[in-house]
Amino acid sequence: MEGIGNTMQKKAAELERMAEVLITGEQLRLRLHEEKVIKDRRHHLRTYPNCFVAKELIDWLIDHKEASDREIAIKLMQKLLDQSIIHHVCDEHKEFKDVKLFYRFRKDDGTFPLDNEAKVFMRGQRLFEKLMNTENSLVQTREEESVLFERTLLGCEFVDWLIQEGEASTREEAEQLCRRLLEHGIIQHVSNKHHFVDSNLLYQFRMNFRRRRRLLELLSERCRSIPESHDSPFCLRKQNTESGNTSFLSVSPTKEIKIISAVRRSSMSSSCGSSGYYSSSPILSSSPPVLCNPKSVLKRHVNSEQLQSPGGPYMRRTFTIVGDAVGWGFVVRGSKPCHIQAVDPSGPAAAAGMKVCQFVVSVNGLNVLHLDYRTVSNLILTGPRTIVMEVMEEIDC
């Protein structure tokens, strides 16, 4: 069986980083359109459609906590300019400047360079969305070599589906498409041992196209080399980053300080079990599993019926939490119901009054008492930046 070489792994990782920049840029473009930052503007009796003013955009990025200062905001937008996602409306400036110049997303004027890499990426994104929006049994938890993997595709079934959906006319054509997706870092073999083969081998999408990206991720060269996990999708802030300390602090109701291992924001793929004690990286690397929050903070298990029982020792609270450039600052764990496992004392959740041991009742009006933490995490990650969470808190906790 054909394996994956180091050269292909490096290329796939490089293309995946490019894909992350494209996704981040597109998410920003849609937000700017929604908030009317992008609009038709006039200068010297000429109209420039679908553009934004650099200085105004920098103000917007700081106001929306996408950047801490103007210098960081300029670096973020320069990254998008260097990757040909935005450009000056007359292409007279190759640098992003904090002045009243007009810039535009290339996707808004049809000048985005559709090279082979971009075409494969866009097709992969379309296939991902089609799979996620269709009721089917293709994506499942399955076992390979005595190890359980979540959200997997059986190679031969994926080929069947591509033909059925008209994405390929023959099995050979479908297999070649899947091999291109793998080589471009869009899918991978679950244990990264094989190229794509029309067989019973298991594959996963390497990235969650729906995850809301933070612009600051563009400046992190190591963002894809750090294991991502469903255990901690809200990216607690690091303490003492200059000294190399990668621990997070969380606050319990008793004000006791606990140390929690650093884990990045969630991706779609994870091989951790239902307990969520360990998470392993879905990317092409040999990184060891990351230990994160191995012990629940709960004193005892509580089911949803006990929480809703009249006269029970629980009080209901509602929080409105606005995520910042880093995240929301809390970790969800458990199942039916989920609970708050950790809270960053300097984050938005703590400021709103959230504490550990609280049970999650609803997210943005949707009752989640009967969902597990992975589903709740994904619901928050793919939703708006401002979330309204209803929780139940033990009166004696």
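Residues numbered from 1 in each chain as written. Predicted model: local features only at pLDDT ≥ 70, side-chain atom pairs only at ≥ 80, totals over all residues. Heavy atoms only, no water.

S.K.: Break down the overall build of the chain for me, with residues and values.
M.R.: Looking only at helices and strands, one finds nine helices and 18 strands in the chain. Among the 397 residues that make up the chain, the fraction classed as buried is 50%. In the chain, of all internal contacts separated by at least 6 residues, the share reaching a separation of at least 24 is 66%. With an accessible surface of roughly 18500 Å², the chain has 50% of that area assigned to carbon and sulfur atoms. (Helix = DSSP H or I, 4+ residues; strand = E, 2+ residues; numbered from the N terminus. Buried < 20%, exposed > 50% of the residue type's maximum accessible area, 1.4 Å probe, protein only. Contact = heavy atoms within 4.5 Å. Areas by Shrake-Rupley, 256 points an atom, 1.4 Å probe, with all protein chains shown as cover.)

S.K.: Can you break down the sheet that holds strand β7 (residues 187-189) residue by residue, with the values?
M.R.: Sheet strands pair via backbone hydrogen bonds, and the direction of the pair is either parallel or antiparallel. Taken together, four strands build an open sheet; the order of strands is β5-β6-β8-β7 and the sheet is antiparallel. Each edge of the sheet is formed by a strand with only one pairing partner; in this case those strands are β5 (140-144) and β7. For this sheet, the mean inter-axis angle between neighbouring strands, taken without regard to orientation, is 55°. Relative to strand β8 (residues 202-205), strand β6 (residues 147-154) is paired through two bridges, and the arrangement is antiparallel. The residue of β8 that forms the bridge with Leu 153 is Tyr 203. Here helix α5 (residues 155-164) sits on the sheet and contacts β5, β6 and β8; the angle it forms with β6, its principal contact strand, is near 20°. (Pairing = 2+ DSSP bridges. Axes fitted to C-alpha atoms, helices over the stretch in contact; angles between N-to-C directions.)

S.K.: Tell me about the environment of Glu 144, residues and numbers included.
M.R.: Among the structural elements, Glu 144 can be located in strand β5. Considered as a pair, Glu 144 and Asn 200 are 56 residues apart in the sequence and their alpha carbons are 9.5 Å apart.

S.K.: Help me get a handle on the packing of aromatic side chains, residues and values and all.
M.R.: Inspection of every chain in the model, using the stated rule, returns 10 aromatic pairs. Relative to Phe 102, the ring of Tyr 48 lies with its centre 5.6 Å away and its plane at 70°, an arrangement referred to as edge-to-face. With a gap of 54 residues between them, Tyr 48 in strand β2 (residues 46-53) and Phe 102 in strand β4 (residues 102-105) connect regions that are remote in the sequence. This pair shows no difference in class: Tyr 48 is buried, exactly as Phe 102 is. Here the aromatic rings of Phe 96 and Tyr 103 are separated by 4.7 Å at their centres, their planes lie at 40°, and the arrangement is tilted. By relative accessible area, Phe 96 is classed as buried at 3%. Classification of Tyr 103 as buried rests on a relative accessible area of 0%. Three or more aromatic residues joined by ring pairs make a cluster, and in this case those are Phe 52, Phe 96, Tyr 103 and Phe 105. (Phe/Tyr/Trp six-rings, centres within 6.5 Å; stacked < 30°, edge-to-face > 60°.)

S.K.: Describe unusual backbone geometry, naming the residues involved and giving the relevant values.
M.R.: Note the cis peptide between Lys 336 and Pro 337, where omega equals 10°. Along the chain, the position of Pro 337 falls in the loop between β14 (330-334) and β15 (338-343). Even without being glycine, Leu 45 reaches a positive phi, approximately 65°. Relative to the helices and strands, Leu 45 resides in the loop between β1 (39-43) and β2. Residue Leu 45 is classed as exposed on the basis of its relative accessible area, which comes to 79%. You will see that Asn 364, though not glycine, has its phi angle at about 50°, which is positive. Secondary-structure assignment places Asn 364 in the loop between β16 (359-363) and β17 (366-367).

S.K.: If you had to explain the nonpolar core to someone new, which residues and values would you point to?
M.R.: Soluble globular proteins: nonpolar side chains tend toward being buried together. Grouped together as the largest cluster of nonpolar side chains are 55 residues, with contacts concentrated most on Leu 28, Phe 52, Leu 57, Leu 61, Met 77, Ile 86 and Phe 96. Of all elements in the fold, only α1 (6-34), α2 (54-63), α3 (70-82), β4, α4 (116-133), α5, α6 (171-183) and β8 reach the threshold of two or more residues within this core. Sequence-distant contacts of Met 77, defined by excluding residues within four places in its chain, comprise Leu 28, Phe 52, Leu 57, Leu 61, Ile 86 and Phe 96. The next biggest cluster of nonpolar side chains, apart from the first, holds 23 residues, and it includes Ile 321, Phe 330, Met 354 and Val 391. (Core = buried A, V, L, I, M, F, W, Y, C linked by side-chain atoms within 4.5 Å.)

S.K.: With reference to specific residues and values, describe the packing of α5 against α6.
M.R.: When two helices pack together, their arrangement is given by the angle between their axes and by how far apart the axes lie. Two elements in contact, α5 and α6, have axes whose closest approach is 9 Å; the angle formed by their N-to-C orientations is 110°. Relative to α6, α5 is oriented roughly perpendicular. Pair α5 / α6 crosses with right-handed handedness. Counting all contacts with α5, which are made through Cys 156, Phe 158, Val 159, Asp 160, Leu 162 and Ile 163, the residues of α6 involved are Arg 171, Ala 174, Leu 177 and Cys 178. (Parallel < 35°, antiparallel > 145°, perpendicular 65-115°, else oblique. Left-handed = near helix turned anticlockwise from the far one by under 90°.)

S.K.: Give a description of the pairing of strand β18 (residues 386-394) that names residues and reports values.
M.R.: Note that strand β13 (residues 314-322) and β18 share nine bridges and pair antiparallel. Paired with Val 322 across the bridge in β18 is Thr 386. Pairing analysis gives four bridges linking β16 to β18, with the strands arranged antiparallel. Note that in β18 the partner of Ser 362 across the bridge is Glu 390.

S.K.: So what about the side chain of Thr 152? Which residues, and what values?
M.R.: Residue position: Thr 152 is located in strand β6. With sequence-adjacent residues up to four places away left out, Thr 152 is seen in contact with Leu 138, Val 139, Gln 140, Thr 141, Arg 142, Val 190, Leu 202, Tyr 203 and Gln 204.

S.K.: Just give me the short version of helix α9 (residues 373-381), but keep the residues and values in it.
M.R.: The complete set of buried residues in α9 reads Tyr 373, Arg 374, Val 376, Ser 377, Ile 380 and Leu 381. Along the axis of α9, the buried positions cluster into a sector of 165°, meaning they face one direction only. Packed against the buried residues of α9 are β6, β14, β15, β16 and β18. (Arc of directions from axis to C-beta.)

S.K.: Give a detailed account of the sheet that holds β4, specifying residues and quantitative values.
M.R.: Pairing is antiparallel across the open sheet formed by four strands, whose spatial order is β1-β2-β4-β3. Where the open sheet ends on each side, the last strands, each with one partner, are β1 and β3 (86-88). Averaged over all adjacent pairs, the angle separating strand axes in this sheet is 55°, with direction ignored. Looking at chain direction, β1 and β2 are connected through four bridges and run antiparallel. In the sheet register, His 43 faces β2, and the bridge partner there is Arg 46. In this fold α2 packs onto β1, β2 and β4, with an angle of close to 25° to the strand it touches most, β2.

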